[in-house]
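Chains, contacts and geometry: an overview
What follows is each chain in one-letter form.
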Amino acid sequence: MRFHGTMTVNSRGHLEIGGCDAVELAANFGTPLYVLDEELFRQNCREYYQAFCQKYGAEVIYAAKTLLTTAICRLVEEEGLGMDVVSGGELYTALKAGFPMERVYFHGNNKSREELQLALEARVGRIVVDNLYELEMLERLAAAMGARARVILRLTPGIEAHTHEYIKTGQIDSKFGLVIENGQALEGVKRALELDHIELCGLHCHIGSQIFELESYAHAARVMMEFAALAARETGWVLEELDLGGGLGIYYAAGDQPPSVAEYADVVVGAVRESALALGLPVPRVIVEPGRSISGPAGTTLYTVGAVKNIPGVRKYVAVDGGMGDNPRPALYRARYEACLANKASAPPEEVVSIAGKCCESGDMLIWDIALPRVEPGDILAVSCTGAYNYSMSMNYNRLPRPAMVLVRKGRAELILKRETYEDIVRNDVMPERLCKKHPAEDPVCAVN
Ligand code: LLP
(Lines give C-alpha, C1' and ligand atoms only; values in the text may rest on other atoms or scores of the structure.)
Protein backbone atom coordinates (compact mmCIF):
# COMPACT_ATOMS: atom_id res chain seq x y z
CA MET A 1 0.00 0.00 0.00
CA ARG A 2 1.30 3.42 -0.90
CA PHE A 3 1.50 5.65 2.17
CA HIS A 4 -0.25 9.03 2.11
CA GLY A 5 0.12 12.16 4.22
CA THR A 6 1.39 11.46 7.73
CA MET A 7 1.24 7.66 7.42
CA THR A 8 4.26 5.84 8.75
CA VAL A 9 5.18 2.60 10.53
CA ASN A 10 6.03 3.03 14.21
CA SER A 11 8.52 1.14 16.37
CA ARG A 12 5.89 -1.50 17.18
CA GLY A 13 5.53 -2.24 13.47
CA HIS A 14 2.06 -0.68 13.46
CA LEU A 15 0.60 1.72 10.95
CA GLU A 16 0.51 5.22 12.33
CA ILE A 17 -1.65 8.06 10.98
CA GLY A 18 -1.46 11.60 12.32
CA GLY A 19 0.90 10.31 15.01
CA CYS A 20 -1.74 7.85 16.25
CA ASP A 21 -1.21 4.09 16.30
CA ALA A 22 -3.94 2.66 14.05
CA VAL A 23 -4.21 -0.50 16.18
CA GLU A 24 -4.88 1.64 19.23
CA LEU A 25 -7.41 3.71 17.32
CA ALA A 26 -9.24 0.50 16.46
CA ALA A 27 -9.13 -0.61 20.10
CA ASN A 28 -10.27 2.75 21.46
CA PHE A 29 -12.95 3.68 18.95
CA GLY A 30 -13.97 0.29 17.56
CA THR A 31 -14.16 -0.78 13.94
CA PRO A 32 -15.07 -0.10 11.20
CA LEU A 33 -13.56 3.31 11.78
CA TYR A 34 -13.03 6.20 9.40
CA VAL A 35 -9.75 7.93 10.19
CA LEU A 36 -9.12 11.39 8.76
CA ASP A 37 -5.58 12.76 8.56
CA GLU A 38 -6.15 16.42 9.41
CA GLU A 39 -2.75 17.54 8.22
CA LEU A 40 -3.20 15.93 4.81
CA PHE A 41 -6.72 17.29 4.43
CA ARG A 42 -5.45 20.78 5.23
CA GLN A 43 -2.39 20.37 3.04
CA ASN A 44 -4.62 19.40 0.11
CA CYS A 45 -6.76 22.50 0.72
CA ARG A 46 -3.62 24.64 0.82
CA GLU A 47 -2.25 23.15 -2.36
CA TYR A 48 -5.44 24.28 -4.11
CA TYR A 49 -5.40 27.64 -2.39
CA GLN A 50 -1.85 28.31 -3.52
CA ALA A 51 -2.19 26.96 -7.06
CA PHE A 52 -5.50 28.66 -7.86
CA CYS A 53 -6.26 31.49 -5.42
CA GLN A 54 -2.82 32.90 -4.74
CA LYS A 55 -1.35 32.35 -8.17
CA TYR A 56 -4.36 33.25 -10.31
CA GLY A 57 -6.93 35.00 -8.12
CA ALA A 58 -9.24 32.08 -8.80
CA GLU A 59 -11.66 30.63 -6.29
CA VAL A 60 -11.71 27.12 -4.86
CA ILE A 61 -14.86 25.65 -3.42
CA TYR A 62 -14.68 22.28 -1.68
CA ALA A 63 -17.22 19.74 -2.95
CA ALA A 64 -19.02 18.83 0.27
CA LYS A 65 -20.61 15.76 -1.30
CA THR A 66 -17.33 13.91 -0.94
CA LEU A 67 -17.19 14.19 2.84
CA LEU A 68 -19.06 16.48 5.17
CA THR A 69 -19.59 16.88 8.90
CA THR A 70 -19.67 20.10 10.91
CA ALA A 71 -16.00 19.64 11.87
CA ILE A 72 -15.05 19.31 8.20
CA CYS A 73 -16.86 22.59 7.52
CA ARG A 74 -14.59 24.19 10.08
CA LEU A 75 -11.41 22.84 8.45
CA VAL A 76 -12.55 24.12 5.04
CA GLU A 77 -13.44 27.51 6.49
CA GLU A 78 -10.08 27.82 8.24
CA GLU A 79 -8.24 26.96 5.03
CA GLY A 80 -10.00 29.79 3.21
CA LEU A 81 -11.97 27.72 0.71
CA GLY A 82 -15.61 28.05 -0.26
CA MET A 83 -18.06 25.16 -0.33
CA ASP A 84 -20.18 23.49 -2.98
CA VAL A 85 -23.33 22.00 -1.44
CA VAL A 86 -25.92 20.00 -3.34
CA SER A 87 -28.81 19.53 -0.98
CA GLY A 88 -30.71 21.02 1.91
CA GLY A 89 -28.90 18.55 4.16
CA GLU A 90 -25.44 19.67 3.13
CA LEU A 91 -26.50 23.32 3.33
CA TYR A 92 -27.97 22.71 6.78
CA THR A 93 -24.69 21.14 7.92
CA ALA A 94 -22.77 24.21 6.76
CA LEU A 95 -25.29 26.49 8.45
CA LYS A 96 -25.04 24.52 11.70
CA ALA A 97 -21.27 24.82 11.57
CA GLY A 98 -21.53 28.58 11.05
CA PHE A 99 -19.76 28.33 7.70
CA PRO A 100 -19.69 31.73 5.92
CA MET A 101 -22.71 31.57 3.62
CA GLU A 102 -21.33 34.01 1.06
CA ARG A 103 -18.74 31.34 0.23
CA VAL A 104 -21.40 28.68 -0.43
CA TYR A 105 -22.45 27.59 -3.93
CA PHE A 106 -25.69 25.67 -4.06
CA HIS A 107 -25.82 22.94 -6.73
CA GLY A 108 -28.27 20.23 -7.71
CA ASN A 109 -30.31 19.20 -10.74
CA ASN A 110 -33.64 19.08 -8.93
CA LYS A 111 -33.58 21.46 -6.01
CA SER A 112 -36.89 21.57 -4.23
CA ARG A 113 -38.78 24.74 -3.46
CA GLU A 114 -37.89 24.29 0.21
CA GLU A 115 -34.21 23.89 -0.58
CA LEU A 116 -34.17 27.02 -2.74
CA GLN A 117 -36.05 28.91 -0.05
CA LEU A 118 -33.49 27.79 2.55
CA ALA A 119 -30.65 28.88 0.25
CA LEU A 120 -32.20 32.31 -0.30
CA GLU A 121 -32.89 32.80 3.40
CA ALA A 122 -29.34 31.76 4.24
CA ARG A 123 -28.08 34.17 1.56
CA VAL A 124 -25.73 31.69 -0.05
CA GLY A 125 -23.13 33.19 -2.37
CA ARG A 126 -24.40 31.62 -5.59
CA ILE A 127 -27.13 29.30 -6.71
CA VAL A 128 -26.00 27.13 -9.60
CA VAL A 129 -29.19 26.81 -11.63
CA ASP A 130 -29.49 23.60 -13.60
CA ASN A 131 -32.60 24.11 -15.74
CA LEU A 132 -35.32 26.56 -16.76
CA TYR A 133 -37.90 25.10 -14.38
CA GLU A 134 -35.59 25.89 -11.50
CA LEU A 135 -34.83 29.35 -12.87
CA GLU A 136 -38.51 30.29 -12.97
CA MET A 137 -39.14 28.86 -9.49
CA LEU A 138 -36.18 30.78 -8.12
CA GLU A 139 -37.45 34.00 -9.70
CA ARG A 140 -40.84 33.59 -7.99
CA LEU A 141 -39.29 32.74 -4.62
CA ALA A 142 -36.82 35.63 -4.76
CA ALA A 143 -39.59 38.02 -5.82
CA ALA A 144 -41.74 36.94 -2.87
CA MET A 145 -38.83 37.64 -0.52
CA GLY A 146 -37.89 40.91 -2.20
CA ALA A 147 -34.46 39.39 -2.83
CA ARG A 148 -32.23 39.03 -5.86
CA ALA A 149 -30.71 35.62 -6.40
CA ARG A 150 -27.12 35.54 -7.63
CA VAL A 151 -27.05 32.78 -10.16
CA ILE A 152 -24.60 30.73 -12.18
CA LEU A 153 -26.07 28.68 -15.02
CA ARG A 154 -24.98 25.08 -15.39
CA LEU A 155 -24.31 24.11 -18.99
CA THR A 156 -23.55 20.81 -20.69
CA PRO A 157 -20.54 21.41 -22.90
CA GLY A 158 -20.82 18.15 -24.86
CA ILE A 159 -17.52 16.66 -23.75
CA GLU A 160 -16.87 12.99 -23.12
CA ALA A 161 -14.36 12.68 -20.31
CA HIS A 162 -12.52 9.39 -19.92
CA THR A 163 -13.87 8.02 -16.68
CA HIS A 164 -16.50 5.60 -15.38
CA GLU A 165 -19.86 5.83 -17.18
CA TYR A 166 -21.69 6.69 -13.93
CA ILE A 167 -19.45 9.63 -13.07
CA LYS A 168 -19.32 11.30 -16.48
CA THR A 169 -21.39 14.44 -16.63
CA GLY A 170 -20.24 16.67 -19.50
CA GLN A 171 -21.77 14.76 -22.41
CA ILE A 172 -24.94 16.00 -24.14
CA ASP A 173 -26.95 12.98 -22.99
CA SER A 174 -26.77 13.94 -19.33
CA LYS A 175 -29.35 14.77 -16.68
CA PHE A 176 -27.34 17.85 -15.73
CA GLY A 177 -27.41 21.34 -17.17
CA LEU A 178 -28.55 23.20 -20.27
CA VAL A 179 -27.15 21.88 -23.53
CA ILE A 180 -25.02 24.33 -25.47
CA GLU A 181 -25.27 22.60 -28.81
CA ASN A 182 -29.05 22.72 -29.23
CA GLY A 183 -29.56 26.30 -28.09
CA GLN A 184 -30.99 25.58 -24.61
CA ALA A 185 -28.02 27.22 -22.95
CA LEU A 186 -28.45 30.45 -24.88
CA GLU A 187 -32.16 30.40 -24.14
CA GLY A 188 -31.27 30.05 -20.44
CA VAL A 189 -28.96 33.06 -20.52
CA LYS A 190 -31.60 35.18 -22.29
CA ARG A 191 -34.29 34.19 -19.82
CA ALA A 192 -32.03 34.80 -16.79
CA LEU A 193 -31.26 38.29 -18.09
CA GLU A 194 -34.99 39.07 -18.46
CA LEU A 195 -35.91 38.13 -14.91
CA ASP A 196 -36.00 40.93 -12.34
CA HIS A 197 -34.94 38.90 -9.32
CA ILE A 198 -32.14 36.97 -10.94
CA GLU A 199 -28.63 38.30 -11.27
CA LEU A 200 -26.70 36.22 -13.78
CA CYS A 201 -23.13 36.10 -12.45
CA GLY A 202 -21.58 33.34 -14.51
CA LEU A 203 -21.56 29.92 -16.13
CA HIS A 204 -20.73 26.46 -14.86
CA CYS A 205 -19.83 23.06 -16.22
CA HIS A 206 -18.54 19.85 -14.68
CA ILE A 207 -17.25 17.17 -17.01
CA GLY A 208 -16.93 14.29 -14.57
CA SER A 209 -14.93 12.85 -11.74
CA GLN A 210 -11.68 10.88 -11.22
CA ILE A 211 -10.25 12.52 -14.36
CA PHE A 212 -6.54 12.29 -15.18
CA GLU A 213 -6.46 14.03 -18.56
CA LEU A 214 -5.99 17.73 -18.15
CA GLU A 215 -6.73 18.25 -21.81
CA SER A 216 -10.40 17.47 -21.05
CA TYR A 217 -10.46 20.53 -18.79
CA ALA A 218 -8.76 22.75 -21.36
CA HIS A 219 -11.30 21.55 -23.90
CA ALA A 220 -14.20 22.32 -21.56
CA ALA A 221 -12.77 25.77 -20.83
CA ARG A 222 -12.55 26.55 -24.56
CA VAL A 223 -16.09 25.36 -25.25
CA MET A 224 -17.42 27.47 -22.36
CA MET A 225 -15.53 30.56 -23.50
CA GLU A 226 -16.79 30.14 -27.05
CA PHE A 227 -20.29 29.97 -25.65
CA ALA A 228 -19.60 33.13 -23.62
CA ALA A 229 -18.58 34.86 -26.85
CA LEU A 230 -21.82 33.74 -28.50
CA ALA A 231 -23.85 34.93 -25.50
CA ALA A 232 -22.06 38.28 -25.61
CA ARG A 233 -22.85 38.72 -29.30
CA GLU A 234 -26.48 37.75 -28.84
CA THR A 235 -27.26 39.58 -25.61
CA GLY A 236 -24.40 41.92 -24.74
CA TRP A 237 -23.92 40.05 -21.44
CA VAL A 238 -20.28 39.68 -20.39
CA LEU A 239 -19.12 36.58 -18.54
CA GLU A 240 -17.48 37.42 -15.21
CA GLU A 241 -17.33 34.06 -13.44
CA LEU A 242 -16.52 30.72 -15.01
CA ASP A 243 -16.96 27.70 -12.75
CA LEU A 244 -15.32 24.64 -14.28
CA GLY A 245 -16.45 22.11 -11.69
CA GLY A 246 -14.31 19.53 -9.97
CA GLY A 247 -13.12 16.07 -10.90
CA LEU A 248 -9.34 15.86 -10.59
CA GLY A 249 -8.44 12.20 -10.15
CA ILE A 250 -6.40 10.74 -7.31
CA TYR A 251 -4.17 7.73 -6.77
CA TYR A 252 -6.13 4.77 -5.42
CA ALA A 253 -4.06 1.85 -6.66
CA ALA A 254 -1.19 0.92 -8.97
CA GLY A 255 -1.60 2.43 -12.41
CA ASP A 256 -3.31 5.63 -11.26
CA GLN A 257 -1.21 8.63 -12.28
CA PRO A 258 -2.98 11.85 -11.41
CA PRO A 259 -1.52 15.19 -12.47
CA SER A 260 -0.59 17.66 -9.73
CA VAL A 261 -2.92 20.39 -8.56
CA ALA A 262 -0.41 22.98 -9.80
CA GLU A 263 -0.46 21.49 -13.32
CA TYR A 264 -4.25 21.36 -13.20
CA ALA A 265 -4.39 25.06 -12.27
CA ASP A 266 -1.94 26.08 -14.99
CA VAL A 267 -3.81 24.16 -17.68
CA VAL A 268 -7.30 25.30 -16.66
CA VAL A 269 -6.51 28.96 -16.07
CA GLY A 270 -4.17 29.00 -19.07
CA ALA A 271 -6.91 27.72 -21.36
CA VAL A 272 -9.41 30.28 -20.06
CA ARG A 273 -6.94 33.14 -20.55
CA GLU A 274 -5.92 32.05 -24.03
CA SER A 275 -9.53 31.66 -25.12
CA ALA A 276 -10.48 35.05 -23.69
CA LEU A 277 -7.63 36.67 -25.58
CA ALA A 278 -8.47 34.90 -28.82
CA LEU A 279 -12.16 35.78 -28.53
CA GLY A 280 -11.61 39.37 -27.42
CA LEU A 281 -13.37 38.82 -24.08
CA PRO A 282 -12.30 39.93 -20.61
CA VAL A 283 -10.76 37.11 -18.57
CA PRO A 284 -13.43 35.78 -16.18
CA ARG A 285 -12.72 34.78 -12.59
CA VAL A 286 -12.17 31.03 -12.56
CA ILE A 287 -13.81 28.82 -9.95
CA VAL A 288 -13.06 25.14 -9.36
CA GLU A 289 -14.88 22.64 -7.17
CA PRO A 290 -12.48 19.90 -6.09
CA GLY A 291 -13.75 17.24 -3.73
CA ARG A 292 -12.07 13.86 -4.05
CA SER A 293 -8.58 15.33 -4.47
CA ILE A 294 -8.94 17.11 -1.11
CA SER A 295 -10.70 14.56 1.06
CA GLY A 296 -9.94 11.25 -0.68
CA PRO A 297 -6.30 10.58 0.22
CA ALA A 298 -6.83 11.97 3.74
CA GLY A 299 -9.16 9.14 4.72
CA THR A 300 -8.35 5.58 5.79
CA THR A 301 -10.83 2.98 6.99
CA LEU A 302 -9.89 0.48 9.69
CA TYR A 303 -11.62 -2.88 9.87
CA THR A 304 -11.22 -5.95 12.06
CA VAL A 305 -10.65 -9.22 10.25
CA GLY A 306 -13.17 -11.93 11.15
CA ALA A 307 -13.76 -15.13 9.26
CA VAL A 308 -11.02 -16.30 6.91
CA LYS A 309 -12.27 -18.82 4.39
CA ASN A 310 -9.84 -20.67 2.21
CA ILE A 311 -11.09 -22.49 -0.86
CA PRO A 312 -7.97 -24.46 -1.85
CA GLY A 313 -6.95 -23.84 -5.41
CA VAL A 314 -9.61 -21.16 -5.79
CA ARG A 315 -9.36 -18.21 -3.43
CA LYS A 316 -8.93 -17.14 0.16
CA TYR A 317 -11.69 -14.85 1.39
CA VAL A 318 -10.89 -12.56 4.29
CA ALA A 319 -14.06 -11.07 5.75
CA VAL A 320 -14.02 -7.75 7.59
CA ASP A 321 -16.60 -6.10 9.86
CA GLY A 322 -17.67 -3.50 7.26
CA GLY A 323 -17.89 -3.39 3.48
CA MET A 324 -20.33 -1.92 1.00
CA GLY A 325 -22.27 -0.27 3.82
CA ASP A 326 -19.35 2.04 4.61
CA ASN A 327 -17.72 1.93 1.15
CA PRO A 328 -20.09 1.17 -1.73
CA ARG A 329 -17.58 2.28 -4.39
CA PRO A 330 -16.13 -1.14 -5.32
CA ALA A 331 -19.66 -2.54 -5.77
CA LEU A 332 -20.88 0.53 -7.69
CA TYR A 333 -17.91 1.39 -9.88
CA ARG A 334 -15.54 -1.56 -9.53
CA ALA A 335 -13.33 0.91 -7.69
CA ARG A 336 -9.92 -0.42 -6.66
CA TYR A 337 -8.28 0.16 -3.29
CA GLU A 338 -5.04 -0.65 -1.54
CA ALA A 339 -4.75 -1.92 2.01
CA CYS A 340 -2.31 -3.14 4.63
CA LEU A 341 -2.53 -4.92 7.95
CA ALA A 342 -2.13 -2.13 10.49
CA ASN A 343 -0.81 -4.51 13.15
CA LYS A 344 1.70 -6.13 10.74
CA ALA A 345 2.64 -3.01 8.79
CA SER A 346 6.30 -3.92 8.36
CA ALA A 347 5.77 -7.63 7.64
CA PRO A 348 6.40 -8.76 4.06
CA PRO A 349 3.50 -10.00 1.91
CA GLU A 350 2.99 -13.74 2.16
CA GLU A 351 -0.31 -14.55 0.52
CA VAL A 352 -2.83 -13.24 -1.97
CA VAL A 353 -6.32 -12.89 -0.53
CA SER A 354 -9.61 -11.14 -1.36
CA ILE A 355 -11.31 -8.85 1.13
CA ALA A 356 -15.02 -9.45 1.61
CA GLY A 357 -17.53 -7.25 3.38
CA LYS A 358 -20.21 -8.53 5.73
CA CYS A 359 -23.32 -7.62 3.74
CA CYS A 360 -25.53 -10.32 2.31
CA GLU A 361 -24.41 -9.75 -1.28
CA SER A 362 -21.77 -11.61 -3.27
CA GLY A 363 -20.88 -8.22 -4.76
CA ASP A 364 -19.87 -6.92 -1.35
CA MET A 365 -16.15 -7.30 -2.00
CA LEU A 366 -13.78 -4.50 -1.02
CA ILE A 367 -10.60 -5.71 -2.72
CA TRP A 368 -9.93 -8.62 -5.04
CA ASP A 369 -6.51 -10.30 -4.99
CA ILE A 370 -4.33 -8.32 -2.67
CA ALA A 371 -0.94 -9.47 -1.36
CA LEU A 372 -0.77 -9.25 2.45
CA PRO A 373 1.24 -10.77 5.29
CA ARG A 374 -0.45 -13.91 6.67
CA VAL A 375 -3.95 -12.77 7.66
CA GLU A 376 -5.56 -13.94 10.87
CA PRO A 377 -8.83 -13.17 12.61
CA GLY A 378 -8.38 -10.11 14.80
CA ASP A 379 -5.94 -8.37 12.44
CA ILE A 380 -6.68 -4.73 11.68
CA LEU A 381 -7.03 -4.03 7.98
CA ALA A 382 -6.41 -0.44 6.87
CA VAL A 383 -7.86 0.56 3.48
CA SER A 384 -6.34 3.79 2.18
CA CYS A 385 -7.86 6.70 0.21
CA THR A 386 -11.36 6.27 1.59
CA GLY A 387 -11.91 9.93 2.48
CA ALA A 388 -14.11 10.74 -0.50
CA TYR A 389 -17.49 9.22 -1.32
CA ASN A 390 -17.26 6.63 1.46
CA TYR A 391 -18.94 8.03 4.55
CA SER A 392 -20.96 10.36 2.29
CA MET A 393 -22.36 7.38 0.38
CA SER A 394 -22.57 5.02 3.34
CA MET A 395 -25.82 3.26 4.08
CA ASN A 396 -27.58 1.08 6.60
CA TYR A 397 -28.12 -1.91 4.32
CA ASN A 398 -28.66 -5.01 6.46
CA ARG A 399 -29.31 -2.51 9.26
CA LEU A 400 -25.61 -2.18 9.92
CA PRO A 401 -24.83 0.89 12.01
CA ARG A 402 -22.55 3.40 10.26
CA PRO A 403 -18.96 3.75 11.53
CA ALA A 404 -17.52 6.53 13.64
CA MET A 405 -14.96 9.01 12.29
CA VAL A 406 -11.91 10.35 14.08
CA LEU A 407 -9.73 13.28 13.17
CA VAL A 408 -6.08 12.51 13.87
CA ARG A 409 -3.29 15.04 14.22
CA LYS A 410 0.00 15.10 16.09
CA GLY A 411 -0.80 12.05 18.19
CA ARG A 412 -4.31 13.16 19.13
CA ALA A 413 -7.47 11.46 17.95
CA GLU A 414 -10.75 13.33 18.21
CA LEU A 415 -14.18 11.98 17.43
CA ILE A 416 -15.94 14.00 14.71
CA LEU A 417 -18.71 11.53 13.96
CA LYS A 418 -20.28 9.18 16.48
CA ARG A 419 -20.74 5.53 15.68
CA GLU A 420 -24.38 4.72 15.06
CA THR A 421 -26.02 2.51 17.64
CA TYR A 422 -28.75 -0.09 17.30
CA GLU A 423 -30.99 2.49 18.93
CA ASP A 424 -30.21 4.85 16.02
CA ILE A 425 -31.17 2.07 13.65
CA VAL A 426 -34.72 1.84 15.04
CA ARG A 427 -35.07 5.54 15.92
CA ASN A 428 -37.44 6.36 13.08
CA ASP A 429 -39.42 3.14 13.08
CA VAL A 430 -43.06 3.61 13.97
CA MET A 431 -45.41 0.85 15.17
CA PRO A 432 -49.01 1.54 14.12
CA GLU A 433 -51.37 1.06 17.01
CA ARG A 434 -53.33 -1.72 15.27
CA LEU A 435 -50.16 -3.83 15.17
CA CYS A 436 -49.50 -3.52 18.86
CA LYS A 437 -49.63 -6.68 20.89
CA LYS A 438 -52.84 -7.43 22.78
CA HIS A 439 -51.24 -6.64 26.07
CA PRO A 440 -49.53 -3.30 25.42
CA ALA A 441 -47.36 -3.78 28.48
CA GLU A 442 -45.70 -6.69 26.68
CA ASP A 443 -44.94 -4.58 23.63
CA PRO A 444 -41.70 -2.65 23.90
CA VAL A 445 -42.30 -0.63 20.73
CA CYS A 446 -45.97 0.17 21.15
CA ALA A 447 -46.64 3.92 21.16
CA VAL A 448 -49.06 3.62 24.10
CA ASN A 449 -46.24 2.55 26.37
N1 LLP B 1 -18.76 19.76 -8.85
C2 LLP B 1 -19.83 19.09 -9.32
C3 LLP B 1 -20.89 19.83 -9.99
C4 LLP B 1 -19.91 17.70 -9.15
O5 LLP B 1 -20.96 17.06 -9.63
C6 LLP B 1 -18.89 17.02 -8.48
C7 LLP B 1 -18.96 15.58 -8.27
C8 LLP B 1 -17.79 17.76 -8.00
C9 LLP B 1 -17.77 19.13 -8.20
C10 LLP B 1 -16.65 17.13 -7.26
O11 LLP B 1 -15.96 16.23 -8.05
P12 LLP B 1 -14.60 15.55 -7.52
O13 LLP B 1 -13.55 16.63 -7.45
O14 LLP B 1 -14.89 14.98 -6.18
O15 LLP B 1 -14.30 14.52 -8.52
N16 LLP B 1 -19.67 8.99 -6.24
C17 LLP B 1 -18.71 8.99 -7.33
C18 LLP B 1 -18.35 10.37 -7.79
C19 LLP B 1 -19.55 11.24 -8.13
C20 LLP B 1 -19.15 12.63 -8.51
C21 LLP B 1 -20.28 13.55 -8.32
N22 LLP B 1 -19.98 14.90 -8.61
C23 LLP B 1 -17.47 8.21 -6.89
O24 LLP B 1 -17.46 7.72 -5.77
O25 LLP B 1 -16.52 8.08 -7.65
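Read on for an overview of the structure.

1. Digging into the overall build of the protein
- Across its full length, the protein carries 12 helices and 21 strands.
- Its C-alpha atoms give the protein a radius of gyration of 24 Å, within 12% of the compact-globule value 22 Å for 449 residues.
- Along the first, second and third principal axes, the C-alpha set of the protein runs to 70 × 60 × 40 Å.
- Across the 449 residues of the protein, 55% fall into the buried class.
- In the protein, the proportion of contacts linking residues at least 24 apart, taken out of those at least 6 apart, comes to 68%.
- Between the averaged position of the 46 positive side-chain charges in the protein and that of its 59 negative side-chain charges there is a distance of 3 Å.

2. Here's the deal with the site of the ligand
- Neighbouring residues of the ligand: 20 residues in total, closest S209, E289, R329, Y333 and Y389.
- At 2.8 Å, a backbone N or O of G247 approaches an oxygen atom of the ligand.
- Here an oxygen atom of the ligand and a side-chain polar atom of R329 are 2.5 Å apart.
- Bound to the protein, the ligand loses 92% of the 590 Å² it would expose on its own.
- When the residues that make up the shell around the ligand are grouped by side-chain class, the tally is 6 nonpolar, 8 polar and 6 charged.

3. Examining the pairing of strand β20 (residues 404–409)
- In terms of burial, β20 is a largely internal element, 5 of the 6 residues being buried.
- Judged from the 5 bridges that link them, β20 and strand β21 (residues 412–417) form a sheet pairing that is antiparallel. In the strand pairing of β21, R409 is matched with R412.
- Joining the antiparallel neighbours β20 and β21 is a turn of 2 residues, in which K410 adopts a positive phi near 50°.

4. So, the sheet that holds strand β1 (residues 8–9)
- Within the open sheet, the 3 strands sit side by side as β1-β2-β3. Their pairing is antiparallel. Taken across any chain shown, the strands that pair with only one partner, and hence form the sheet edges, are β1 and β3 (20–21).

5. Description of the side chain of S394
- In this fold, S394 is placed in the loop between β19 (380–384) and β20.
- The exposure class of S394 is buried, given its relative accessible area of 8%.
- From its side chain, S394 meets the backbone oxygen of Y391 in a polar contact 2.7 Å long.
- S394 has contacts with Y34, G325, D326 and R402, leaving out every residue within four places of it along the chain.

6. Quick word on the packing of helix α2 (residues 38–56) against helix α9 (residues 261–279)
- Running from N to C, α2 and α9 cross one another at 30°; their axes reach a closest spacing of 9 Å. Classified by the angle their axes make, α2 and α9 are roughly parallel. Along this stretch, α2 crosses α9, giving a crossing that reads as right-handed. Contacts from E47, Y48, A51, F52, K55 and Y56 of α2 reach α9 at V261, A262, Y264, A265, D266, V269 and R273.
- Its residues assigned to classes, the contact of α2 with α9 shows 9 nonpolar, no polar and 4 charged.

7. Some thoughts on α9
- Over its 19 residues, α9 runs 27 Å from end to end, which matches the ideal 27 Å to within 8%, given 1.5 Å per residue.
- The elements touched by buried residues of α9 are α2, α8 (214–235), β12 (241–243) and β13 (285–288).
- A positive backbone phi angle near 70° is found at G280, which sits one or two residues after α9.

8. Side note on the environment of V151
- Structurally, V151 can be placed in strand β9 (residues 149–156).
- Residue classification places V151 among the buried positions, given a relative accessible area of 0%.
- With 184 residues separating them along the chain, V151 and A335 place their C-alpha atoms 35 Å apart.
- For V151, the residues in contact, after removing those within four places along its chain, are I127, V129, L138, I198, E199, L200, C201 and G202.

9. Regarding the packing of aromatic side chains
- In this structure the tally under the stated criterion is 7 aromatic pairs.
- For the pair F52 and Y264, a centre-to-centre distance of 5.3 Å together with 75° between the ring planes defines the contact as edge-to-face. Of this pair, F52 sits in helix α2 while Y264 sits in helix α9; the two residues are 212 residues apart in sequence, bridging distant segments of the chain. When sorted by exposure, F52 lands in the same class as Y264, which is buried.
- Among the aromatic residues, those joined into a ring-pair cluster are Y48, F52, Y217 and Y264.
- The ring of Y251 has R2 sitting right over it, with the charged end atom 3.6 Å from the ring centre.
- Residue placement shows K111 over the ring face of F106; its charged tip is 5.8 Å from the ring centre.

Quick notes on the rules
- Residues numbered from 1 in each chain as written.
- Predicted model: local features only at pLDDT ≥ 70, side-chain atom pairs only at ≥ 80, totals over all residues.
- Heavy atoms only, no water.
- Helix = DSSP H or I, 4+ residues; strand = E, 2+ residues; numbered from the N terminus.
- Rg over C-alpha atoms; globule rule 2.2 N^0.38 Å.
- Buried < 20%, exposed > 50% of the residue type's maximum accessible area, 1.4 Å probe, protein only.
- Contact = heavy atoms within 4.5 Å.
- Lys, Arg positive; Asp, Glu negative; His and termini not counted.
- Charge placed at Lys NZ, Arg CZ, Asp CG, Glu CD.
- Near = heavy atom within 4 Å.
- Polar contact = N/O pair within 3.5 Å; in protein donor to acceptor, adjacent residues only side chain to side chain.
- Areas by Shrake-Rupley, 256 points an atom, 1.4 Å probe, with all protein chains shown as cover.
- Nonpolar A, V, L, I, M, F, W, Y, C, P; charged D, E, K, R; others polar.
- Pairing = 2+ DSSP bridges.
- Axes fitted to C-alpha atoms, helices over the stretch in contact; angles between N-to-C directions.
- Parallel < 35°, antiparallel > 145°, perpendicular 65-115°, else oblique.
- Left-handed = near helix turned anticlockwise from the far one by under 90°.
- Expected span 1.5 Å × (residues − 1).
- Phe/Tyr/Trp six-rings, centres within 6.5 Å; stacked < 30°, edge-to-face > 60°.
- Lys NZ or Arg CZ within 6 Å of the ring centre and 35° of its normal.

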